[in-house]
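# Examination of the molecular architecture
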Amino acid sequence: MSKRSFLAFPPARYLCSAVLILALGGCQTTGIEDVTGALGGKQASIAEADSKADARPEMDALRERYRAKPSDPAIAIEYGKALRDSGQRAQAVAVLEQAVLAHPGNKALLAGYGRALADNGNFQQAFDVLGRAHSPEDPDWRILSAQGAVLDQLGRNEEAQQYYAAALKIVPNEPTVLSNLGLSYMLQNNLSKAEQVLGRAYQRNQNDARVRANLALVLGLQGREAEAEILVKADLPPDQAAAKVAALKQLLAKKQQRADK
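Note that the structure is a prediction, hence the values are computed from the model and not measured. (Residues numbered from 1 in each chain as written. Predicted model: local features only at pLDDT ≥ 70, side-chain atom pairs only at ≥ 80, totals over all residues. Heavy atoms only, no water.)

### Describing the overall build of the protein chain
Note the following rule: Helix and strand assignments follow DSSP, with helices taken as H or I runs no shorter than four residues and strands as E runs no shorter than two, numbered in order from the N terminus. Burial classes follow relative accessibility: with a 1.4 Å probe on protein chains only, a residue under 20% of its type's maximum area counts as buried, one over 50% as exposed, and anything between as partly exposed. Note on contacts: a residue pair qualifies if any of its non-hydrogen atoms lie within 4.5 Å across the two residues. With residues, only the protein chains shown are counted as cover, and all accessible areas are computed by Shrake-Rupley using a 1.4 Å probe.
A count of helices and strands for the protein chain gives 13 helices and 2 strands. Within the protein chain, the fraction of its 261 residues that count as buried is 46%. Considering only intrachain contacts with a sequence separation of at least 6, the fraction spanning at least 24 residues in the protein chain is 55%. If you sum the accessible surface of the protein chain, you get close to 12,900 Å²; carbon and sulfur atoms cover 50% of it.

### Here's the deal with unusual backbone geometry
Backbone geometry follows two general trends: most residues other than glycine have a negative phi, and most peptide bonds adopt the trans configuration. Not every positive phi belongs to a glycine, and Asn-173 is a case in point at roughly 65°. Structurally, Asn-173 can be placed in the loop between helix H8 (157-170) and helix H9 (175-187). Phi at Asn-189 is positive, roughly 65°, even though this residue is not glycine. In this fold, Asn-189 is placed in the loop between H9 and helix H10 (191-204).

### Some words on the environment of Ala-118
Here Ala-118 is to be found in helix H5 (residues 107-119). Residue classification places Ala-118 among the buried residues on the basis of a relative accessible area of 3%. With 35 residues separating them in the primary sequence, Ala-118 and Gln-153 have C-alpha atoms 9.1 Å apart.

### Some thoughts on helix H3 (residues 73-85)
The criterion, for reference: Multiplying one less than the number of residues by 1.5 Å gives the expected span of a helix. Pairing of N or O atoms within 3.5 Å defines a polar contact, subject to two protein rules: one partner must be a possible hydrogen donor and the other a possible acceptor, and residues neighboring in sequence count only if both atoms are side-chain atoms.
When the terminal C-alpha atoms of H3 are compared, their 18 Å separation across 13 residues agrees well with the 18 Å that a helix rising 1.5 Å per residue should span. Buried residues of H3: Ile-75, Ala-76, Tyr-79, Gly-80, Ala-82, Leu-83 and Arg-84, and no others. For H3, the N-terminal cap is Asp-72; the gap from its side-chain oxygen to the backbone nitrogen of Ala-74 is 3.0 Å. A positive backbone phi angle near 85° is found at Gly-87, which sits one or two residues after H3.

This is the structure:
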């Protein structure tokens, strides 16, 4: 793979109103909700609040297991993921960093640590750690896709696309990788290519809300808001659908304002 550096984001960076947040647990750059940090609003729904309340006893139990056996790699990985999922990103990094220091050759730990670093915004360090989580002789497509997503965060889109291509050689037409690749093209303002790739992802898995959200974003950025709204509203109750459509329109309006400056 080329090691050329692309040190600056391309001019199309204005396409996103916030830096992309990586959902590296599934090696997928997130959908519109996390790109903007706004779709559906910041406030959790009652159902989401109940879900978080239900998860608290599990988190407490997991924390006690970790404290009892902090050197156990499997427990550290599970606890680190739970911390990431609950938004405790810095704590997840600390837990996994300690585990990696104790088990520097454990590839599963390195993978979890790399993802936690990316969640926390430590992109260059995340890329370096993820590179140690697999090898050219035994590549992991999920880690390749995660490395690509981190490179996109660093503005090195062409390098990122090489990593996605390598992942797709292992798992052709994998929707999560295609979704990341499509967003990478979007960051380069290559919207027609982004639509083509995201359309392939959508055909492979029409039930993935993140893929639909990413495709809707690209359609909206091309002025095809009616098509975008259909995708955004799929399978949602009317109130949630209305909120997401409103947020999509807000994102597109911000994009137009920046383009007019």
